[in-house]
Amino acid sequence: MSKYLIEDTRKVTTLRLKEMKEQGKKIAMLTSYDYTMAKLVDEAGVDVILVGDSASNVIAGNTTTLPITLDQMIYHATAVTRATKRALVVCDMPFGSYQVNPTEAAMNAIRIMKETGCDCLKLEGGEEIIDMVKKILDVGIPIMGHLGLRPQSINKYGTFAVRAQDEDEANKLIRDAHLLEDAGCCAIVIEKVPAKLATQVASELSIPVIGIGAGHGVDGQVLVLQDMLGMDRGFSPKFLRRYADLSNVITGAVGQYVTDVKNVTFPNDSEEY
Ligand code: KIV
């Protein structure tokens, strides 16, 4: 028996996500961007690994997700799929790779699927990208939508504040969620909106709604791995729960190594040939 809560050891598919919603089983999703972390995350029983364009912030140190390229996303996703046995691997389509027209969106989507071996793609937006969503789905590629706070549109918002707090934006979000479901999306991520709204959307849709900063009334949760492991001391939004304090663990270990090297206590006799 695994020491982790893995009720079903089969490879997670988009169909399985829908079954999980029907059976009232919550979906656990986390980001990963590299082989080493994805292997651990998969072993620990996460249902969905998101190769998020948050790699732009977390790995490359950019302030937004906008700069990350298609080639860079493909590099990250390929490393993750090599490590993953059970989880569904979802790759973000980066900013600029799907918004212009359906043909270009489909070409880029095909390229990601061919070169990375991932299972599904995630795109930000509703009505404004619906033609691209439909074209990619027509090609046979599953799509996870992303509504609420859409980091690729951060320059338009000008703030990372909670979205859809007014009636107009809330109503648009509900309409967009239905549009994405009707088009054939397999799930939707909803980021940083009032819990009541996210709960309503999850109850109206038959596809899973996975929340980040959207309360517990949805069908699953997603967090950025480095954030939930406590690797960024400076990032502490209200919705984030830290499950470890790796900043201190890592700086402690590295500091000890530096001390040992300088004091010539590493390597010792048993650590040499
Ligand atoms: O890129 C990402 O990490 C995401 C999550 C915040 C859902 O899209």
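Heads up: the structure comes first, above all this text.
How each quantity is defined
Residues numbered from 1 in each chain as written. Predicted model: local features only at pLDDT ≥ 70, side-chain atom pairs only at ≥ 80, totals over all residues. Heavy atoms only, no water. Phe/Tyr/Trp six-rings, centres within 6.5 Å; stacked < 30°, edge-to-face > 60°. Lys NZ or Arg CZ within 6 Å of the ring centre and 35° of its normal. Helix = DSSP H or I, 4+ residues; strand = E, 2+ residues; numbered from the N terminus. Buried < 20%, exposed > 50% of the residue type's maximum accessible area, 1.4 Å probe, protein only. Axes fitted to C-alpha atoms, helices over the stretch in contact; angles between N-to-C directions. Parallel < 35°, antiparallel > 145°, perpendicular 65-115°, else oblique. Left-handed = near helix turned anticlockwise from the far one by under 90°. Contact = heavy atoms within 4.5 Å. Nonpolar A, V, L, I, M, F, W, Y, C, P; charged D, E, K, R; others polar. Core = buried A, V, L, I, M, F, W, Y, C linked by side-chain atoms within 4.5 Å. Near = heavy atom within 4 Å. Polar contact = N/O pair within 3.5 Å; in protein donor to acceptor, adjacent residues only side chain to side chain. Areas by Shrake-Rupley, 256 points an atom, 1.4 Å probe, with all protein chains shown as cover.

Caption draft 1: Spatial organisation of the packing of aromatic side chains. Applying the stated criterion across every chain yields a total of 1 aromatic pair. The residue whose ring lies beneath arginine 163 is tyrosine 157, and the NZ or CZ to ring-centre distance is 4.0 Å.

Caption draft 2: Up close: unusual backbone geometry. Following phenylalanine 266, the chain continues to proline 267 via a peptide bond in cis, the omega torsion being -5 degrees. By the element assignment, proline 267 lies in the segment after helix H11 (246-262). Even without a glycine there, the phi angle at lysine 192 is positive, about 50 degrees. Within the secondary structure, lysine 192 is located in the loop between strand E6 (187-191) and helix H9 (195-204). Even without being glycine, valine 264 reaches a positive phi, approximately 55 degrees. Mapped onto the elements of the fold, valine 264 is located in the segment after H11. What makes valine 264 exposed here is its relative accessible area of 66%.

Caption draft 3: Structural context of the packing of helix H5 (residues 102-116) against helix H6 (residues 130-139). H6 packs onto H5 with a crossing angle of 45 degrees between their chain directions and a minimal axis gap of 8 Å. Between H5 and H6, the angle is such that the two are oblique. Read as a crossing pair, H5 and H6 show a hand that is right-handed. In contact with Pro102, Ala105, Ala106, Ala109 and Ile110 of H5, H6 contributes Asp131, Met132, Lys135, Ile136 and Val139. When the residues that make up the contact of H5 with H6 are grouped by side-chain class, the tally is 8 nonpolar, no polar and 2 charged.

Caption draft 4: Local environment of the nonpolar core. Judged by nonpolar contacts, the single largest core of 78 residues is most densely connected at Leu121, Leu123, Val133, Met144 and Val201. For this core, the leading source of residues is helix H4 (residues 70-83), giving 6 residues.

Caption draft 5: Main features of the site of the ligand. All residues in the neighbourhood of the ligand are listed as Thr31, Leu50, Gly52, Asp53, Ser54, Asp92, Lys122, His146, Val189, Glu191, Ile212 and Val224. Contacts to the ligand include aspartate 53, whose side-chain N or O atom sits 3.0 Å from an oxygen atom. The contact in question runs from an oxygen atom of the ligand to an N or O atom on the side chain of aspartate 92, over 3.1 Å. A total of 260 Å² of accessible area belongs to the ligand in isolation, and the protein chains cover 95% of it. The residue makeup of the shell around the ligand, split by class, is 4 nonpolar, 4 polar and 4 charged.

These figures come from the coordinates and say nothing about function on their own.
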